[in-house]
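Here's the letter readout for the chains.
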Amino acid sequence: ITEEYLDILTLDGFDEAILGVVERINLQVACYDRNKIIQILMRDMSEEEAWEYYQFNILDAYMGESTPVYLDYMPL
């Protein structure tokens, strides 16, 4: 993350899954590639365990207004 975004809340160990920053009025949050997060988790666990970990420990984790968002690409 560049210096201009140093105050943005990020997830430890998932920097390579960051897509960028999304904005809305007076707020900027980190945006992660959901599938890349799963790939990173699968380095240490099965695919099923990775999805379960993602669901309960990442997606469902509320960290206040600055909670990151997670993108799942949709083919057009």
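Calculation rules
- Residues numbered from 1 in each chain as written.
- Predicted model: local features only at pLDDT ≥ 70, side-chain atom pairs only at ≥ 80, totals over all residues.
- Heavy atoms only, no water.
- Helix = DSSP H or I, 4+ residues; strand = E, 2+ residues; numbered from the N terminus.
- Buried < 20%, exposed > 50% of the residue type's maximum accessible area, 1.4 Å probe, protein only.
- Lys, Arg positive; Asp, Glu negative; His and termini not counted.
- Salt bridge = Lys/Arg side-chain N within 4 Å of Asp/Glu carboxyl O.
- Axes fitted to C-alpha atoms, helices over the stretch in contact; angles between N-to-C directions.
- Left-handed = near helix turned anticlockwise from the far one by under 90°.
- Contact = heavy atoms within 4.5 Å.
- Patch = residues over 30% accessible without salt bridge, like charges linked within 9 Å, V, L, I, M, F, W, Y side chains within 5 Å.
- Areas by Shrake-Rupley, 256 points an atom, 1.4 Å probe, with all protein chains shown as cover.
- Charge placed at Lys NZ, Arg CZ, Asp CG, Glu CD.

Visitor: Could you give an account of the side chain of D33, with specific residues and numbers?
Guide: For D33, the position within the fold is in strand β2 (residues 27-33). Buried and unpaired, D33 has R34 as its nearest opposite-charge partner, separated by 6.8 Å.

Visitor: Give me unusual backbone geometry: which residues, what numbers.
Guide: In this structure, N26 takes a positive phi of about 60° despite not being glycine. Of note, N26 is situated in the loop between β1 (18-24) and β2.

Visitor: Could you give an account of the packing of helix α1 (residues 34-41) against helix α2 (residues 47-59), naming the residues involved and the relevant values?
Guide: The geometry of a pair of packed helices is captured by two quantities: the angle between their axes and the separation between those axes. Running from N to C, α1 and α2 cross one another at 115°; their axes reach a closest spacing of 9 Å. Helix-helix and strand crossings are classified by hand; for α1 and α2 the assignment is right-handed. Contacts between α1 and α2 involve R34, N35, I37, I38 and L41 on the former and, on the latter, A50, W51, Y53, Y54 and I58.

Visitor: How would you explain a negative patch on the surface if you had to name every residue and give the values?
Guide: On the surface, E47, E48, E49 and E52 cluster together into a negatively charged patch. Residue position: E47 is located in helix α2.

Visitor: Could you give an account of the pattern of salt bridges, with specific residues and numbers?
Guide: With the rule as written, the count across this model stands at 3 salt bridges. E16 is the salt-bridge partner of K36, the closest N and O atoms lying 3.5 Å from each other. Pair noted here: K36 is in helix α1 and E16 is in the segment before β1, with a separation of 20 residues, a long-range link. Its relative accessible area of 23% is what places K36 among the partly exposed residues. Its relative accessible area of 45% is what places E16 among the partly exposed residues. Put simply, E16 and R43 hold a salt bridge, and the shortest N to O gap is 2.7 Å. Of this pair, E16 sits in the segment before β1 while R43 sits in the loop between α1 and α2, placing them 27 residues apart in sequence. A single network of salt bridges, built from pairs that share partners, joins E16, K36 and R43.

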